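If you want the building blocks of each chain, they are given just below.
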There are 4 protein chains.
Amino acid sequence: MNSNTFGTAYSLTTFGESHGLAIGGVIDGCPAGVLLNKSLIESELAKRKPGFGAAVSARKEPDEVEFLSGLFEGQTTGQPIAFLIRNRDAKSSDYDNIKNVYRPSHADFTYQEKYGIRDYAGGGRASARTLLPCVVAGAIARQILATQGITVRSDVVQIGEQCSQGFSAEEIERILSRFREEKDTVGAVVQATINNVPVGLGEPAFMKFHATLAHAMMSINAAKGFEIGEGFNAARMRGSECNDEFTFDGERIRTKTNHSGGVQGGITNGEDIVFRVAFKPIPSVMMPQQTVDIHGNAVTLEIQGRHDVCVVPRVIPMVEALAAMVTLDFVLLKKCNKI
Amino acid sequence: MNSNTFGTAYSLTTFGESHGLAIGGVIDGCPAGVLLNKSLIESELAKRKPGFGAAVSARKEPDEVEFLSGLFEGQTTGQPIAFLIRNRDAKSSDYDNIKNVYRPSHADFTYQEKYGIRDYAGGGRASARTLLPCVVAGAIARQILATQGITVRSDVVQIGEQCSQGFSAEEIERILSRFREEKDTVGAVVQATINNVPVGLGEPAFMKFHATLAHAMMSINAAKGFEIGEGFNAARMRGSECNDEFTFDGERIRTKTNHSGGVQGGITNGEDIVFRVAFKPIPSVMMPQQTVDIHGNAVTLEIQGRHDVCVVPRVIPMVEALAAMVTLDFVLLKKCNKI
Amino acid sequence: MNSNTFGTAYSLTTFGESHGLAIGGVIDGCPAGVLLNKSLIESELAKRKPGFGAAVSARKEPDEVEFLSGLFEGQTTGQPIAFLIRNRDAKSSDYDNIKNVYRPSHADFTYQEKYGIRDYAGGGRASARTLLPCVVAGAIARQILATQGITVRSDVVQIGEQCSQGFSAEEIERILSRFREEKDTVGAVVQATINNVPVGLGEPAFMKFHATLAHAMMSINAAKGFEIGEGFNAARMRGSECNDEFTFDGERIRTKTNHSGGVQGGITNGEDIVFRVAFKPIPSVMMPQQTVDIHGNAVTLEIQGRHDVCVVPRVIPMVEALAAMVTLDFVLLKKCNKI
Amino acid sequence: MNSNTFGTAYSLTTFGESHGLAIGGVIDGCPAGVLLNKSLIESELAKRKPGFGAAVSARKEPDEVEFLSGLFEGQTTGQPIAFLIRNRDAKSSDYDNIKNVYRPSHADFTYQEKYGIRDYAGGGRASARTLLPCVVAGAIARQILATQGITVRSDVVQIGEQCSQGFSAEEIERILSRFREEKDTVGAVVQATINNVPVGLGEPAFMKFHATLAHAMMSINAAKGFEIGEGFNAARMRGSECNDEFTFDGERIRTKTNHSGGVQGGITNGEDIVFRVAFKPIPSVMMPQQTVDIHGNAVTLEIQGRHDVCVVPRVIPMVEALAAMVTLDFVLLKKCNKI
């Protein structure tokens, strides 16, 4: 059922487990003739490295990407672009203690029950690391979108109880260090904006721009909520305050406000796409937890090693990458709307 | 790109405009040998009729469904089930005044720009009415799910500023009547629960149960937000409070709490699926609004006729129907996980 | 699994049984702004009517198409185009005698075994009539292709042992009348040509132009073989005689010969697409046949009523329609090859 | 548009160019819990090695497959199985002379025109080598099918003008050596049989077993024709001779003959699937050919190096592999026919 593929015209198929030989992906439908800027890709991947932010797990992940196909003299050829990221620093023996235990709010139990087998090392296929190929496909998408003037950016706007227009890296680290000391973890909200989006992206009825974007964002590990424009706040509002009145700015038709978040009827209206994704706390807390083993016996679990305290800042390149992939997909699909 | 099709193993293709001859759909992949209970389908459709709740538009919509194929002596044959709902009461002349005007926060502008042409009568393809075929496909899905013990129900938990565990039809009507008097509209939140879901539904990495559910829900007109389990509230929480510890209840492994909303790693864990969808206010307010015509000229718009004040209660069968469709799809797909 | 849908950018979902209320389809992805020429559609459908050729079954099939959606003031809107063809003249009682009998080389047995239920009247979903929606979708495709100068035509080049460059309607009727007198049926080969195809249609590795075309043609009832260019004859040839050498004709690069049938590496090379489809004899012979009933008891079957003697001439609009659908699909998909 | 993916429930995405770093694939939907027999995979790949048959190109291709994901302790986990085959012996400089020349009946011209860029070394993405990942996915499919008793085998039944029930390796080599001496190449026909196929595989209307099989086979390089059962011969036949009468063999309903090739109405009937694929001569003849360069200038081309004389015997594992993939796909899809 091709459940590891995302996208229609510009698509990505991902593979790999956290502690397997490699994770990677195959991009299908990348337009031909694009001179790939690999340093942009590496710089996006670098944002996921430990050391980019301090509030992350101590595992060394060089995350070097190796391109295997689809490029000729540095340019895309229109053929599938396969790439690998080797898992170099993985030590599976670290995970022997969780081999037979279901960690609370992890995917251990559901994978085991569904498939009758699971790669337990580092969360296997359920690890957040397995979405890393999206960062590569997203970085390529961003490069192509940039030629159309379209850009993506995002901010951490909430960590636990604290909200902001956008926390700085230092502020994030300061907040997270408190939770780390308490051996606990915390949730967060990321807000992203896609700028300079042309009118007309999104394909009703079931490939609406924001519905597809929601699908993408909810595919990120730990994502529990998605909203666009006013989002949940729109439920509190009256039509008279939530409606975006149209106006003509001398050049093109615009809306005076952007409560819609850039989408009306599932199609972009030319205003900025503004959306937020809520993430739950990382379930790997450092304090003892009650759970069961695979036989149903009660056990007290103490998770070893160092783990991230929060999905931010490392989830940020993921959010931006998937937003870019969705946008490029719709830019390509739009070409088919007229003959 | 088949953008009017939703679902993989159990899929629905929809067609039709608000004021065209008919709206309808084609269900593909419905298991064979199911004796269709048409009164269940009609009863779901009836929940969308005026008079079911009073706070709805006065248009008469008998919404009788005519099945054209895929049934033999009342049973499904495994072949595509096509059905029609004729638009009997539509008067397109009612809409001449909006032919050249872009109503704020409607899809008039985006459809016109994207396609260069639009069926403006009653919102055309962008009307909420065009998702009515989902209610039919959902009612059939519910009937099949019921044979597995799986059920879906939902509640209106927020209207404007007011929240509840679940408003009664009378409470909904009382609240909405206030907004109607003020010629305004209002947003709402619907919470739905899928009960008795087996462990193992959902197909990572990109057909996760909740990501696909989010996609479905965000496809409903006016939906601006989706959350599962703790949702946006999870962003405020610590791991130690948000984690769902496992326990063995003598029969099977369960979680003590259900902050996850029944999904871990994108796969159902056997607990109830609990999710919420936020809807913006219906944009057709009865007071004058500033907007532009298709040439960019400023105009003052006064929307005629009677319109719904809020998506609830009429959106409820839609939410439940799409939830049932998604669940049945994954029930079928799960059959392929093992040989 | 959407098995009743064919096509990617320009797709058709079909439904309906031979003797149900109606057969029909939903076209998704038709470009917006095309003024539909309904008489072209009707003229294609007319080619399937009894009386068009005499060597066809006597059932009256007016085959009037009713469009339900996707059109506004006669133009396509980019929204799904649904249409119906009512089955007016069907008498299911004619088929009571085959209710419990498996007709040789029909789909009675396989449908019954696969689904545990079947609509036996007139072959139900397995009737050739159920591909009639392709003629509608194909006629629309042809109209759009015509604006690009692309045309499709076909000829009957073989009936039984007799071959020709292209039999006339009279010749076909004369040959078939002999088989009709003998209460037998006969196979045939249709050759089709797509002219003025641009270079670059087809998407390797698995949506090659000719592989997709083969898929389409083999979906037609009674099709048993497909070949492109030299086809099976190529197996007899040497490279030195089968190769198509390139030349420059002053305007563009051409091939001197067209053994390839217009496709190289799965992509059109600008020469005519030439392909042939082999059809088996219609299995409804008028003489007694030995077979079994659904319980496995031996029975002698004598098929009642009048049936076609050969798939030609009625299959011709089907072949051309599917060829047009495939071609338009690739014309649209090609738009995504470059940004 | 995911054109490099084939299959629905059991799918393969391929990537790689003939002379790039590697070719490979990602299998999605492989059932969990299968202990992979890697020696079976290697033995299938070995059939493509030079030395297996002598009548093949002299390029050394160790074709070792490296599995990157989807396996745990040797068993499939239900997660995507990615694998690589490194291109170790490739020397791109060998191809400088064809960099600017369009070889007759190769894909050089069509790729260049379609994408504006091509990897010319060794045919790049258009090389037959790029379908090698199908052999891996097919070998895994065969292993799973074997647990159901389903097997696939094939024979070379025609080379040039010579026909046989199935040529031996020695006979093939003897025939091909003649063409090699004459610096020419030759076409061939491969016949394959799928045994012990259960009744009920294939999903009408557009995923008929044989239509999907045709699609798969026509995706193989140099394939120009496909037929099932009597195939093109059926066009010569009468219904009374081509029909397969049913009989009951004491255990199950069978057909007395198998002119249908195991498929009726697009669904397998429990008899052997018998089909043939016609391949054109390999276009790389060793004698001078007239063609043009990328600017349209006439040039005389003399192809260097050693090339295969015929697609057989190397195409055989490809045919069998794709047949196995298609069959397994339908075995899985059939699980969804009933609840």
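I will try to describe carefully the structure that is included in this document. (Residues numbered from 1 in each chain as written. Chains lettered and ligands numbered in written order. Predicted model: local features only at pLDDT ≥ 70, side-chain atom pairs only at ≥ 80, totals over all residues. Heavy atoms only, no water.)

Moving on, we get to the overall build of chain A. Each helix and strand in chain A was counted, giving 7 helices and 18 strands. If one aligns the C-alpha atoms of chain A with their principal axes, the spans along those axes are about 65 × 55 × 40 Å. Residue burial in chain A is summarised as follows: out of 339 residues, 68% are buried. Look at the contacts in chain A between residues 6 or more apart in sequence, and 70% of them connect residues 24 or more apart. Looking at chain A as shown, the accessible area adds up to about 10,500 Å², and 47% of this sits on carbon and sulfur atoms. For chain A, the distance from the average position of its 35 positive side-chain charges to the average position of its 38 negative side-chain charges is 1 Å. (Helix = DSSP H or I, 4+ residues; strand = E, 2+ residues; numbered from the N terminus. Buried < 20%, exposed > 50% of the residue type's maximum accessible area, 1.4 Å probe, protein only. Contact = heavy atoms within 4.5 Å. Areas by Shrake-Rupley, 256 points an atom, 1.4 Å probe, with all protein chains shown as cover. Lys, Arg positive; Asp, Glu negative; His and termini not counted. Charge placed at Lys NZ, Arg CZ, Asp CG, Glu CD.)

Further remarks concern the sheet that holds strand S10 (residues 188-195) of chain A. Strand order in this open sheet of 10 strands is S9(A)-S8(A)-S10(A)-S16(A)-S11(A)-S11(B)-S16(B)-S10(B)-S8(B)-S9(B), and the pairing throughout is antiparallel. One side of each edge strand has no neighbouring strand; the edge strands of this open sheet are strand S9 (162-163) of chain A together with strand S9 (162-163) of chain B. Relative to strand S10 (residues 188-195) of chain B, strand S8 (residues 151-159) of chain B runs antiparallel, the two being bridged by 8 bridges. Note on S10 of chain B: the bridge partner recorded for arginine 153 of chain B is threonine 193 of chain B. Along the sheet, helix H5 (residues 209-218) of chain A contacts S10, strand S11 (223-228) and strand S16 (273-279) of chain A together with strand S11 (223-228) of chain B; its crossing angle with S11 of chain A, the most-contacted strand, is approximately 160°. (Pairing = 2+ DSSP bridges. Axes fitted to C-alpha atoms, helices over the stretch in contact; angles between N-to-C directions.)

Tallying the contact residues gives 107 residues for chain D and 107 residues for chain C. Taken together, both faces of the contact between chain D and chain C bury some 8,400 Å²; the carbon and sulfur share is 60%. Taken together, the connections running from chain D to chain C amount to 6 salt bridges. A salt bridge links arginine 238 of chain D to aspartate 184 of chain C, with the shortest nitrogen-to-oxygen separation between them at 3.3 Å. Counting across the interface, chain D meets chain C through 52 residue pairs in polar contact (both at pLDDT 80 or more). Residue classes in the side of chain D that touches chain C are distributed as 49 nonpolar, 37 polar and 21 charged. Taken together, the 3 bridges between strand S11 (residues 223-228) of chain C and strand S11 (residues 223-228) of chain D define a ladder with antiparallel strand orientation. Among the inter-strand pairings, glutamate 227 of chain C is bridged to a residue of S11 of chain D, identified as glycine 225 of chain D. (Buried area = accessible area lost by both parts, 1.4 Å probe. Salt bridge = Lys/Arg side-chain N within 4 Å of Asp/Glu carboxyl O. Polar contact = N/O pair within 3.5 Å; in protein donor to acceptor, adjacent residues only side chain to side chain. Nonpolar A, V, L, I, M, F, W, Y, C, P; charged D, E, K, R; others polar.)

The next point concerns the relation of the copies chain D and chain C. For the match of chain D to chain C, the screw axis carries a shift of 0.0 Å, the RMSD comes to 0.0 Å, and the turn is 180°. The operation mapping one copy onto its partner corresponds to a two-fold rotation axis. (Least-squares fit on C-alpha atoms with pLDDT ≥ 70 in both.)

The subject of this paragraph is the environment of histidine 307 of chain D. All names here are of chain D. Mapped onto the secondary structure, histidine 307 falls in the loop between strand S18 (298-301) and helix H7 (316-334). Of the residues examined, histidine 307 reaches a relative accessible area of 25% and is grouped as partly exposed. Between the C-alpha atoms of histidine 307 and asparagine 97, which are 210 residues apart in sequence, the distance is 16 Å.

Before going further, it helps to examine the packing of aromatic side chains. Enumeration over the complete set of coordinates arrives at 38 aromatic pairs over all chains. Clustering of aromatic rings is evident, with ring pairs tying together Tyr102 and Phe109 of chain A together with Phe246 of chain B. (Phe/Tyr/Trp six-rings, centres within 6.5 Å; stacked < 30°, edge-to-face > 60°.)

Quick look at the relation of the copies chain B and chain D now. One copy of the chain maps onto the second through a rotation around an axis plus a translation along that axis. Each copy superposes on the other: chain B lies on chain D with an RMSD of 0.0 Å after a rotation of 180° and an axial shift of 0.0 Å. A share of 100% of interface residues in chain B that are also interface residues in chain D marks the association as one of identical surfaces.

This paragraph deals with unusual backbone geometry. For the bond running from proline 204 of chain C to alanine 205 of chain C, omega is 5°, close enough to zero to count as cis. Residue position: alanine 205 of chain C is located in the loop between strand S10 (188-195) and helix H5 (209-218). Of note in the backbone geometry, glutamate 73 of chain A takes a positive phi value of approximately 50° without being a glycine. For glutamate 73 of chain A, the position within the fold is in the loop between strand S5 (71-72) and strand S6 (75-76). On the basis of relative accessible area, glutamate 73 of chain A is assigned to the exposed category, the value being 63%. Positioned with a positive phi, asparagine 196 of chain C is a non-glycine residue whose angle comes to about 60°.

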